Every structure is written in C-alpha cells, then in structure tokens.
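Letter by letter, the chains look like this.
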Amino acid sequence: MNVLTGSADNSCRLWDCETGKQLALLNTNSAVRTCGFDFSGNIIMFSTDKQMGYQCYLNFFDLRDPQQIEDNQPYLSIPCNDAKITSAVWGPLGEFVNAGHENGEINQFSAKSGEILKKAKEHSRQINDIQTSVDLTMFISASKDNTAKLFDSTSLEHIKTFKTERPVNSAAISPIMDHVVMGGGQEAMEVTTTSTRIGKFEARFFHAAYEEEFGRVKGHFGPINCVAFHPDGKSYSSGGEDGYVRIHYFDPQYFDFELEA
Amino acid sequence: MGIVNENTEAPVNTDQSESDVTIILSELLLDILREKPQEADGIDSVVVVDNVPQVGPERLEKLKNVIHKIFSKFGKITTEFYPEADGMTKGYIFLEYAAPTQALEAVKNADGYKLDKQHTFRVNLFTDFDKYMTISDEWETPEKQPFKDFGNMRHWIEDPDCRDQYSVIYEAGERTAIFSNDAKEPITAEERARWTETYVRWSPKGTYLATFHQRGIALWGGEKFKQIQRFSHQGVSLIDFSPCERYVVTFSPLMDTKEDPQAIIIWDILTGQKKRGFHCESSAHWPIFKWSHDGKFFARMTQDTLSIYETPSMGLLDKKSLKISGIKDFSWSPGDNIIAFWVPEDKDIPARVTLMQLPSRQEIRVRNLFNVVDCKLHWQRNGDYLCVKVDRTPKGTQGVVTNFEIFRMREKQVPVDVVEMKDSIIAFAWEPNGSKFAVLHGESPRINASFYHVKNNGKIELIKMFDKQQANSIFWSPQGQFMVLAGLRSMNGALAFVDTSDCTMMNIAEHYMASDVEWDPTGRYVVTSVSWWSHKVDNAYWLWTFQGRLLQKNNKDRFCQLLWRPRPPTLLSTDQIKMIKKDLKKYSKIFEQKDRLSQSKASKELVDKRRAMMEEYRRYRETAQQIYQEQKSIRLELRGGVDTDELDSNVDDWEEETIEFFINEEIIPLGDL
C-alpha cells in the first residue's frame, strides 16, 4: 500500500502507507502539480509546472524498474508547450492519462507513446480539479469558468454540465448515487470583496442526470478548495481556504431524496 | 468663360544647364498661376434675397448696413443692387459674392432667416431662377421611394398574456437581450451580440430602443426590432427623448465648432432630419434641455438666462431668452406647461421660487424664502403638486434645517404649505399618481422612513414613521400605493416592501449588494439587480412581486443593466376603467384558471424534460457498464488476480476485530428479591 505525493518543493515522493516511511524521492526542476498511480499501481505519473524557465512536463515512471527511480529517469516525459497541466487522472486501465490544462483544454495522453490520443475543449477557463468516478469510467472537471463538466474517460465525450455563479475549485462523483458535489468560491485574493458573512461558502449538490442543484451545505467561511466522497458514498469531506476540513455524514433523507420525474 | 490656360506660360528650353533653372521657375510659376484669381462667371455668384423690408431713402443706409452685416458672414460681397420703384426699395435685392461657393453658403444659411416678425428672408441663387423658368411642361412622375414598413410598432403591447418587456445588457456589454417577463421564467424575444457599444435607452412610450455607437445612435422597433432610424453624431455619449417621441436629443463632447454648433443636436425621429444644433460647455446635468410634457417646448438654463424654444420651428419662444439673474435651477411641470425656477438671495432681496405659465410667461405664483442655502424641485408625476425642498440656515443658528414647501397646483392661487423636518434628508419621493410622499431622513444607523399625506384642506398629515431603517432610496410603484425602501450598494441590498394604504411592511428581504431597483410599468413586478458595473461578482437580477415575494433569480454572466420597456398611455377612458374594476371578480376567476393550467403545464414540461435526460443518462451508463464488465479480466490481471471491483469484493482479505469499550453504567435497584 503506497502513497504518492507531489509538492512545490520540487519533488515527488513515494511512501509506505502503513509505516509512513519514504520509499523513493524524485527531484524535479519545478513544482509538482498533480500525480497518481495507474490501475495496477506499478506506474506513476506526475506533472511539473511551467516555472523559472522550465517547461511543464508529464512524467511517467515504472516502479518495477528501480533503475528509473535511482537515475531519476522517467521512461516517458511529455512536454506541454502551451498551457500547463493543472490536474490529471489515469484512464480505467492505465493506457492513458486525462489531463486538464490552464486554458480549459483536456488532453488524453498515451502512457506508452506520449502522443495525444484525444482532445476536448469544453471549458473556457482554467481546469482546477479532475476526479474520476469510482469505476474510472467517467471523470468530472471543475473549472474557473463557473462550471463542472462530466466526461467519459475513454472517448472524452462531454456528457453533462453543472452551472454555478462562482468558480468551481473541486468536484467529485458519488460512488453510489447519481449525484455530484462541487465546491468553490472566489479566488483567495478576491475574498475580501465578496460576502463577509460567516458560512457563506457552500458545497453544492447536483443531480448528475438532470444537471439540477438540489442541495447546499453551509459551514465553510472561506472558499472550498477540495471535495471528496467517501468510497462507501455515505459521507463526504470538504477542505477550505479557512483551514478547516469538514466531514459530513448524510441523513437517511439524502438517500431517499428524488426529484420529481 | 474666363479660365486661364496655364500651359501657355511655361516655356520649353533645350539648353542643359539653363533648362533646370527654367523648369524650376516654371513649376513655381505654375503654382502661383494656379492661385490666379479667375474671372468669376457672373451669374454663379449672385444671390437674390426676397422679403427685404421696403424702405424709403432715409432708411436705405441703415437697411444696407443690416443686410451687409448679415450677408458678409458668408463671403466678400463685391456688388449689391437694391432695385427701387416710386422712391421705395422693391423688397428684393441682388448680392454678388467673390466666388460661387460663397453664394451657396449664403443660400444655405440665410434662407429662412427671420429678420423680424414680418420679414423672413428667402435667399436663392440667381441661376436657380433660370432653372425654374425652364422647367419642362412635361410632367415626370417622381421616382417612387419604397415604403419602409416596420410592421406594428406597438406589437409588444398586444401580447395575450400582457407580458412586459425589458432589456438586459450582459457579458460586460457584449450581449444585449430583450425578454418578455413571465412569472415562471423570462422568455427571450431578441438577443444580439454587440447591439450597442455602451448602453441602451427606451423611448418614453416604449416605441423605440436606442443603441449607442461610435458614429451615432440607432433606433430599433417593431416586432423584430428592425432598425428604424440612424442619427450620425460622432462620439455621442448621452441622449434624451421628447415625451411625445417626436424628437431625440443627442450629445457628443467631440463635435463642437465655433461656427457650427454640434455638441447637442435635436433630431426629428420620423424623418431623420437634423433640426438644430447647440453648443454645450458641460454635460454635467444631463438633460441640458428639459422638455415640456407635451413636447411643445424645450428649455435650457445658462448663466442668468432661461432659454425656451418651441417646436417644430426650433426657434426661441418670442425670439428671446428670459433674463433671470442668478437662476439656479428650473423644471417643467409634468402635467402642464408651467416652469418652476428658483433664484437665491441677492443682497436684501430674498430667495424665491417662481411658477411661470408658458407660453404667456405669466408668473402664476411667487414664494419668498429666507436664509436659503439650497433648493430642490420635486414635481408629483401628474403635476398636481410641487415640493420645494429648502435647506435653510435660520438666523442666529449654525446648522442647516430643511423645510418642504408643498405647492398645491390644482387649487386657485396655488396655496403653499410647509412641513418642517428635524433631521437631514436622504431621499424624497412623491407617490406617482397620488397625494402622498415618502421621506428618508436621519443619519445612519438611525434612518427613518416617514409617510405624509397631502389632504384637500391643506393639512399635511404624517401617516406613519418607521425608524431604524436600512434604506437610502425610495422606489414607488408607477401605479402608486406600493413602494420599496432599498438600501443599495453600501447598505448591502436591504429591501422593505411597503403598502402605503395602511403603511404596513408587507415583506422585508435582501438582495445582497443590489445596485438597482426597477418597477415594471404596470406596478406588478419589481426587479432588484447587482450590476457588473458596480460589483464584479454575483451579477444577477431578481424578480419579485409587488408584495415582496421572490419569484426568480436570474444569473447572467457579467450582467450590467436591466430596463423595463415603458408602456404608452392607456387608450381606455376613465369610464371604461371604472367598468373593468367593477367586473374585476369575473376577470380574476378566468385569470386564476389560466395560471393554474400554465403551472401544471410547466411542471409537466419539467417532468418530461427530466425523464428524457434520465433515459439518456441511463443508456450511457449501461453502455459504460457493459464495457466495464468486459474489461474485468484485464483488471484482474493488472492487480495480480485480486478482485477490487466492489468495496466488499475481497472480504477474505479483511481482518475483523471486535472492540468493546465502556460507555455508561446504570445501577438499577431490584428491590427485595
């Protein structure tokens, strides 16, 4: 059981989940923005930011080959010349990575050859977060353009759009219901110009098929940066700029709730 | 004809060294020769002026001076001829200019010049007489101009569900849309990108939508919002319509020249003609020209002067402006052709407010005021009352107190009553077609809202006062009785909906950071909005009923401005309106039924839409699930034969541990066993 972390300290690290021991250290030239294991758990990918004269790269390491780790030599390194990658997730079977960019584009990179297999240009502004469904068949992208969109992981077909009036920082798909949760708010810099009322920043629940909002949870008093469903779908967590992580367990009514259809 | 042949003066020399010099000289000569005055073609520079006063020899010199003064503006007069008969001038004269262009200028500008009441000059080119005399006897039918049919210009009024329209500017000005207001959701009537470059304006009766462009303004109307008219005024920034919709006034800070005043232009809307241009120093108090309610007059105030013009001639009423020393402000009654103006104190003459009837210029009422600091004129919408808000510093005190001088216009000799206010005034507003007014006064946080009623016997009664209000603006319904007290911008959008028939608060609500409140023309709906121009987030407009029940929240990307389309005055007579009010119960029943039907239709539509979306989604998920199942073997392979598809796929792998921990102890005595 391993954990992979990437940081703005220009490194990507592999850890043992049980003991907390660092298993590998991969130094990079610029901040590591996003990282993840493929389905098998043998291949890792991470992207580095476009910083200090260095390009944005999407790097792939095979953990079964210790030489790659030792030499800090990825078996595949894809440069991104234009808009940097802001978030990326693996495909269902580890053949490709779906990456969201600063300009709202989503590119599907082959993990074998590095070529772009598919493209999607649905968002008009930066993609803040991408999260997959529990079976990896779909993913949801959260964007600064005030929407979150549901895509098919393999075909990159745009399935659904969820509209709000604020930038969406993070979105997640429920493992057991046709629901998605979204969190966002103003950019940290602009917070003081908006509502100063406590608890105004809400996590918003949308019905995945109807694209309609059906619930909101207040509590954060700063923009929400990250949301996630528990794998069993009975609770969700949100982390915010206010420095708090909130864990909410759903009432029985949540599971019974239905929009009239 | 008298045209000099330039070529005859240029010598040709074959000698090398000399030829260069000669060529240069000849080129110089050519330039100079080009400027050689050419013999004027005699008749092209002559104008004939008719309607010149017929005078005897003793006044001839004076007449010639006057004519000379007027006509030498257009050029150099080389010859003048005053034909006489029986010792008097005939009444028409001939003037010859130095060049035909100057003659044309004279015709263009002096034709129609009003010398005095009896004499308006008619100026024509002498050559025109020739032209008119030789008109062929054959009649040629003039070419038919295609009829521009804009359709029914009042089309929107005929909406069977009586929906009012409103314009919305959003995407920071990139898009403008016209919606029909339905309680359920707005219905798009028209939507265009870059329809206007800055903002839009409706004409007072709602017939036209005016859009702004670098080169001028355009008017749109009819069912499809076709372009009705265009007015070219480079750099136009402000406009104003006459109340009758016959004229539009445009202002541009760019286009003013000393000779041709073009800062303000008045246009005839139907013909598109430019009627008159005016100078303008500053547009600080737009509209500079204020119109009388019937469009017969328009007036403007300059230093110590009130200039009143009449339509359609666009000339000064009685050919002169009114000298009113120290005039500070004026305004027209919205119901009659009466102007109210005030002048401040002048040495030992007190300040005064004057009501003047037009066009007679009779002063129907004068009111002296003492120790005045400032005055503001507030007319009631029908012209029934005038309120003059007077800020005074009473003798011997330092502070400023405010009085409201209420003029009752409908009574003989216009009696005036005074209401004294203790604290500073934030806002004042008359009930549009009634006899009440509302005042916001005090200092934050102790702001009070007071309601007064002007009774027939002259008493002005304070009906009610609400204290500690979060309000800085008053918005009456255009039909009266209902109103909204709003705390806009810095007061974070606090709203209070009031029924002034018994002064009750119907609802207290909030639209956070609202910057504007707009009533629809019928007084049924209120829109509160957060404009991108004042606040960069949460730009939206909300629709409320007149009672304060929130109906819709419409978010629009970078929403800027919403304006209701005004309605033309009703065509029903007062008797007809009385009849309808009497039968209101009958109509209510029909309307309620209609509402119920449309409600259920809406829910049915929504339900159908959802069903369709769910089916589509299910189909997609089924296909995805199928593929997922087909890929199971690959997944097993990738994870070394371990099935991880479900949370409980690997129960064998789990270790179950039972932990007991102490929660509570309860001691229950069982009594004697």
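Everything numeric in this text was worked out from a predicted model, so none of it was measured.

Peer 1: Can you break down the overall build of chain A residue by residue, with the values?
Peer 2: Helix and strand counts for chain A come out as 2 helices and 22 strands. The buried share among the 261 residues of chain A stands at 52%. Counting only contacts in chain A whose residues sit at least 6 apart along the sequence, the fraction spanning at least 24 positions is 36%. As displayed, chain A offers around 11,900 Å² of accessible surface, 48% of which is attributable to carbon and sulfur atoms.

Peer 1: So what's going on with the pairing of strand β6 (residues 122–125) of chain B? Residues and values would help.
Peer 2: Residues and elements named next belong to chain B. Only one face of β6 is covered, namely the one carrying Val-123 and Leu-125; the face carrying Arg-122 and Asn-124 has none of its residues buried. Looking at chain direction, strand β1 (residues 46–50) and β6 are connected through 4 bridges and run antiparallel. Paired with Val-48 across the strands is Asn-124, a residue of β6.

Peer 1: Give a detailed account of the UniProt feature "repeat: WD" (unreviewed entry) in chain A, specifying residues and quantitative values.
Peer 2: All names here are of chain A. Taking the numbering used here, the UniProt-annotated feature "repeat: WD" (unreviewed entry) corresponds to residues 1–25, 120–161 and 217–247. Overall, residues 1–25 shows 0% helix and 64% strand. The separation of its end C-alpha atoms is 17 Å. Helix makes up 0% of residues 217–247 and strand 61%, with an end-to-end C-alpha separation of 11 Å.

Peer 1: Report on a nonpolar patch on the surface, specifying residues and quantitative values.
Peer 2: There is a patch of nonpolar side chains on the surface, built from Leu-572, Met-579, Ile-580 and Leu-584 of chain B and spanning about 340 Å² of accessible area. Ile-580 of chain B sits in the partly exposed class, given a relative accessible area of 33%.

Peer 1: Just give me the short version of the sheet that holds strand β16 (residues 264–268) of chain B, but keep the residues and values in it.
Peer 2: Residue and element names in this part refer to chain B. Strand order in the open sheet formed by 4 strands is β14-β15-β16-β17, with antiparallel pairing between adjacent strands. Looking along the sheet, the strands with just one partner apiece sit at the ends: β14 (238–241) and β17 (274–278). When strand polarity is set aside, the average angle formed by the axes of neighbouring strands in this sheet is 20°. Sheet topology places β14 next to strand β15 (residues 247–251); 4 bridges connect them, and they run antiparallel. Considered in β15, the bridge of Leu-238 is made with Phe-251.

Peer 1: Provide a residue-level description of the environment of Gln-303 of chain B, including the pertinent values.
Peer 2: Within the secondary structure layout, Gln-303 of chain B lies in the loop between β19 (297–302) and β20 (305–310). Along the sequence, Gln-303 of chain B and Lys-328 of chain B sit 25 residues apart, while their C-alpha atoms lie 8.7 Å from each other.

Peer 1: Can you lay out the sheet that holds strand β8 (residues 175–180) of chain B for me, pointing to particular residues and giving the numbers?
Peer 2: Residues and elements named next belong to chain B. One open sheet holds the 4 strands; their spatial order is β9-β8-β7-β43, and the pairing between them is antiparallel. Whereas interior strands pair on both sides, the edge strands pair on one side only; in this sheet they are β9 (187–193) and β43 (561–564). Each adjacent strand pair in this sheet contributes to an overall mean axis angle of 15°, direction not counted. Two elements, strand β7 (residues 165–170) and β8, share 6 bridges in a ladder whose sense is antiparallel. Its bridge partner being in β8, Val-168 is matched across the sheet by Ala-177.

Peer 1: Can you lay out the environment of Thr-154 of chain A for me, pointing to particular residues and giving the numbers?
Peer 2: Residues and elements named next belong to chain A. Its place among the elements puts Thr-154 in the loop between β14 (147–152) and β15 (158–163). Residue classification places Thr-154 among the partly exposed residues on the basis of a relative accessible area of 38%. With 16 residues separating them in the primary sequence, Thr-154 and Met-138 have C-alpha atoms 8.0 Å apart. Excluding anything up to four places from it in sequence, Thr-154 contacts Pro-92, Phe-96, Gln-108 and Lys-118.

Peer 1: Talk me through the side chain of Thr-147 of chain A; I want residue IDs and the actual numbers.
Peer 2: All names here are of chain A. Relative to the helices and strands, Thr-147 is located in strand β14. Classification of Thr-147 by relative accessible area gives buried; the value is 9%. Looking at Thr-147, its side chain comes within polar contact range of the side chain of Asp-145, at 2.8 Å. Those residues in contact with Thr-147 that sit more than four places away from it in its chain are His-123, Ser-141, Ala-142, Thr-161, Phe-162, Lys-163 and Val-168.

Peer 1: Which residues make up unusual backbone geometry, and what are the values?
Peer 2: Residue and element names in this part refer to chain B. Following Trp-286, the chain continues into Pro-287 via a peptide bond in cis, with omega recorded as 0°. Of note, Pro-287 is situated in the loop between β17 and β18 (290–291). Residue Pro-359 is bonded to the preceding Leu-358 through a cis peptide linkage, with omega at 0°. Locating Pro-359 in the fold gives a position in the loop between β25 (351–357) and β26 (362–369). At Asp-318, a position not held by glycine, the phi torsion is positive, near 60°. In the Ramachandran plot, Arg-489 falls in the positive-phi region, its phi being about 55° despite a non-glycine side chain. With respect to the helices, strands and loops of the structure, Arg-489 is situated in the loop between β36 (482–487) and β37 (494–499).

Peer 1: So what's going on with helix α3 (residues 100–110) of chain B? Residues and values would help.
Peer 2: All names here are of chain B. Among all positions of α3, only Gln-102, Ala-103, Ala-106, Val-107 and Ala-110 are buried. Summarising the axial view, the buried residues of α3 lie within an arc of 145°, below the 170-degree limit, and thus occupy one face. Residues of α3 that are exposed and point over 90 degrees away from its buried face: Thr-101 and Lys-108. Elements that come into contact with the buried residues of α3 comprise β1, α2 (57–71), β5 (92–97) and β6. Within two residues after α3, Gly-112 carries a phi angle of roughly 95°, on the positive side.

Peer 1: So, the packing of aromatic side chains: which residues are in play, and what are the values?
Peer 2: Under the defined criterion, the tally for this structure stands at 52 aromatic pairs over all chains. Seen from their ring centres, Phe-214 of chain A and Phe-257 of chain A are 5.3 Å apart, and the 25° between their planes marks the pair as stacked. With Phe-214 of chain A in strand β19 (residues 213–220) and Phe-257 of chain A in the segment after α2 (252–256), this pair connects stretches of sequence that are 43 residues apart. Classification of Phe-257 of chain A by relative accessible area gives partly exposed; the value is 35%. Geometrically, the ring pair formed by Phe-251 of chain B and Trp-286 of chain B is tilted, given 5.7 Å between the ring centres and 45° between the ring planes. One end of the pair, Phe-251 of chain B, is in strand β15; the other, Trp-286 of chain B, is in the loop between β17 and β18, and 35 residues separate them in sequence. Clustering of aromatic rings is evident, with ring pairs tying together Phe-205, Phe-214, Phe-229, Tyr-236, Phe-250, Tyr-254, Phe-255 and Phe-257 of chain A. If you follow Arg-192 of chain B out to its NZ or CZ, it ends over the ring of Trp-195 of chain B, 4.3 Å from the centre.

Criteria and cut-off values
Think of each chain on its own: its residues are numbered from 1, step by step along the sequence as written. Just so you know, chain letters begin at A and ligand numbers begin at 1, following the order they were written in. Per-residue local features are limited, in this predicted model, to residues with pLDDT of at least 70; the limit for side-chain atom pairs, both in listing and counting, is 80 or more; totals at the level of whole chains, interfaces and linings are taken over all residues. To obtain the side-chain values, all non-hydrogen atoms of the structure were used and water was disregarded. Under the DSSP-based scheme used, a helix requires at least four consecutive residues in state H or I and a strand at least two consecutive residues in state E, with every element numbered from the N terminus. Burial classification: accessible surface area is computed with a 1.4 Å probe over protein chains only, and a residue below 20% of its type maximum counts as buried, one above 50% as exposed, and the rest as partly exposed. Should any heavy atoms of two residues lie within 4.5 Å, those residues are considered in contact. Computed by Shrake-Rupley with a 1.4 Å probe, the accessible areas treat only the displayed protein chains as cover when residues are assessed. In this description, strands pair whenever DSSP reports at least two bridges between them. UniProt positions are given in the numbering used here, feature names are shortened, and annotations may be inferred rather than shown by experiment. Residues form patches when they are more than 30% accessible in relative terms and have no salt bridge. Like charges link within 9 Å. Nonpolar side chains (Val, Leu, Ile, Met, Phe, Trp, Tyr) link within 5 Å. Salt bridges are identified by distance alone: a Lys or Arg side-chain nitrogen within 4 Å of an Asp or Glu carboxyl oxygen. Axis definition: a line fit to C-alpha positions, over the contact stretch in the case of helices; interaxial angles, taken between N-to-C directions, run 0 to 180 degrees. Polar contact is defined as a pair of N or O atoms within 3.5 Å, subject to the rule that within protein one atom must be able to donate a hydrogen and the other to accept it, and that residues adjacent in sequence are counted only when both atoms are side-chain atoms. Relevant arc is that of directions from the helix axis to the C-beta atoms, nothing else. Stacked, tilted and edge-to-face are the three classes assigned to paired rings of Phe, Tyr and Trp, where Trp is represented by its six-membered ring and a pair needs centres within 6.5 Å; plane angles under 30 degrees give stacked, over 60 edge-to-face, the rest tilted. Whether a charge sits over a ring comes down to the Lys NZ or Arg CZ being within 6 Å of the ring centre and within 35 degrees of the ring normal.

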